Amino acid sequence: MGENTSTTTITPSATTGSITLTASADTFRSGQVGSLWQISQPRDTSVFKGSLASDTSSSSTAYFSGGYSFTTTGTWDATVTLERSTDGGTSWSGALSPLNSTNFDNPAENEDSGAIYRVTMSDWASGTCNYTFIISDSLNPGVVRITAFNSFTSVDATTILDLANTDATTRWREGYWSDYRGWPETVAVHQQRLTFGGSASFPQTLWFGKQDPDDFSNFLEGTLDTSSFTRALPGQNPIRWLLSQDYLLIGTSGSCGKYGEQGASVTPTSSNYQEQSTFGSSIVKPAVAGDVVIYIERGNRNVREFSYSLQADKYISPDLTIVSPEITDSGIKDAAFQLRPEPVLWCVLNDGEIATLTYQKDQSVIAWTKQITDGDFESVATIPGTDEDEVWVSVERTIDGSTVRYIEQFQPRDWGSDVNDAWFVDSGLSYSDTATTDFGGLDHLVGEDLYIYADTLIEANEVVAADGTITINNAASNVTVGLPYTTKIETLPLVIDPQDKVMNKKIKNVAFDFYKTGACQFSNGSNGTLQNINFKNSLILDPSATATDLYTSVVAFKKVYWPFGSRRKQTIYIETDQPMPLTIRSITPNYRIYP
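The present account deals with the structure reproduced in this document.

Criteria and cut-off values
- Residues numbered from 1 in each chain as written.
- Predicted model: local features only at pLDDT ≥ 70, side-chain atom pairs only at ≥ 80, totals over all residues.
- Heavy atoms only, no water.
- Pairing = 2+ DSSP bridges.
- Helix = DSSP H or I, 4+ residues; strand = E, 2+ residues; numbered from the N terminus.
- Salt bridge = Lys/Arg side-chain N within 4 Å of Asp/Glu carboxyl O.
- Buried < 20%, exposed > 50% of the residue type's maximum accessible area, 1.4 Å probe, protein only.

1. Notes on the sheet that holds strand S43 (residues 572-576)
With antiparallel pairing, four strands are arranged side by side in an open sheet as S38-S43-S40-S41. Of all strands in the sheet, those with a lone pairing partner are strand S38 (487-490) and strand S41 (531-532), marking the two edges. Pairing of S38 with S43, which is carried by four bridges, proceeds in the antiparallel orientation. The partner of Lys-488 across the bridge, within S43, is Glu-575.

2. Here we look at the pattern of salt bridges
In this structure the tally under the stated criterion is 15 salt bridges. Asp-334 serves as the salt-bridge partner of Lys-285, at 3.3 Å between the closest nitrogen and oxygen. On the criterion of sequence distance, the pair formed by Lys-285 in the loop between strand S22 (273-277) and strand S23 (287-289) and Asp-334 in strand S27 (residues 332-338) is long-range, its members being 49 residues apart. When its relative accessible area of 13% is taken as the criterion, Asp-334 is described as buried. The partner of Glu-378 in a salt bridge is Arg-405, with the nearest N and O atoms 2.8 Å apart. Of this pair, Glu-378 sits in strand S31 (residues 376-383) while Arg-405 is found in strand S33 (residues 402-410), placing the two residues 27 residues apart along the sequence. Salt bridges linked by common partners bring Lys-210, Asp-212 and Asp-215 together as one network.

3. So, unusual backbone geometry
Of note, the amide linkage connecting Arg-340 to Pro-341 takes the cis form, showing an omega dihedral of 5 degrees. Residue position: Pro-341 is located in the loop between S27 and strand S28 (344-349). We note that Asn-300 has phi near 65 degrees; this positive angle belongs to a residue other than glycine. Position of Asn-300 relative to the elements: it lies in the loop between strand S24 (292-296) and strand S25 (303-309). By relative accessible area, which is 23% here, Asn-300 ends up partly exposed. Of note, the phi angle at Ser-364 is positive, near 60 degrees, even though the residue is not glycine. Relative to the helices and strands, Ser-364 is located in the loop between strand S29 (354-360) and strand S30 (365-371). We classify Ser-364 as exposed; its relative accessible area is 67%.

Next comes the structure, spelled out in structure tokens:
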């Protein structure tokens, strides 16, 4: 925060270790325990002199940042190194190149981060080196962390950077972050800077850390290009997210924009925030989808793309839910992006369902669908994988009359070459061992009616007993069991031409181009009577079923008779709730046209 401008003073009880700070007026709050405070005081001395005539090190200087000068005199045969430490003297590194029997005189060196210094002589052979070290800044910027609240005018603290003396001073400043002021709500690493954005008390503020991989958590402000600095965005819109790209992209509740210039480093003197779009953002984290950013608009219903437009010469935010606005009606509360095998945005909705957006901008693919389970999805996360990114969810379910929460993973779409590894149940478990009819370990699904996929066949459902076991009808060595879910597909109304009439056309049959499919039902519209396609793999329908592989249309499509009448807006509806895959590459209806 800015330096104190009032007449209130703070007096430290000591300069190092555990101390007490006493204010001349009400200043402290209980929520400030843990916060950092800077206490600036005049230095007792800014000049450090001495002589070295052996392999040894001088005493260290006071902690400081800013300008300094270093000079050596005398005649000597040795190596002299000016060293600095940023951790209170635990470790030291060279601040300047070593001096080999040569004097040095430079009045304009700079310490950007803040450190203590010493002079070290090594390989001494003869002579004496006299040194003078002068700190340019006459103020000592001590730092303390509050450890206990005593009253509005008194707190206990521990020194982080030693204070200069025990005199009262008006030169103090409170740290931005604490339980009282709030903590940053967004974070990114941009151009090797740890960057925070927005807190309860400073919702439009950006904090840029030092550009130094060895000191990235240093937020003490300086003047060099690599120094830490703070910026406040214009307006009154809280920062919702930060994303590092060519620019630092920033989403606020009222707009989205960029910070910095392309190809240029962000520095204390670089340009500020440039608003690009007035479609503000929610707090749901954005996702990088190839060359664009996808974010959730304020209100949590619309999903927008944030990408550069050559025509507009700025970033724009087109709506990706415009063709399916009803799919996110209940609102989006969490989202995660899966890049492989296909780019999919997973959006957890407030009603417990998941809306997925398959998004391939270069192919003009923007396709929405829903994932529904026997329970409520609560959150989602993705983990990069070798062949497919993993999708994990937190799910609330009601099991045996009790509310439970499980962490579950969506299994890969590509199950490999072994059809036994196909997985099309929820909250499931699998078994691969000696053939048996008895299976345990299903305590998390007690009382649930499970669907069963056993040795490439569909078994009859079984209810999990109180001890977490089931017994199936036929012994099997590869079994997957779990909760069922229903896959639904419905075409748009089938129209031959705008003059379509009910009485002069009728669907004769439909040809399905299946790929690795094991179950499918169809009907004339979603309210029609479902007709089953027999893939000869269901022990429920046929106890003698012996199918050993999934069905793929190789030479001819799977042609089925259409036993339904005509209607004006006919649709082909497809459904399955069986624990088997269903992939359709094309649907071809054949009409009979009457004169």
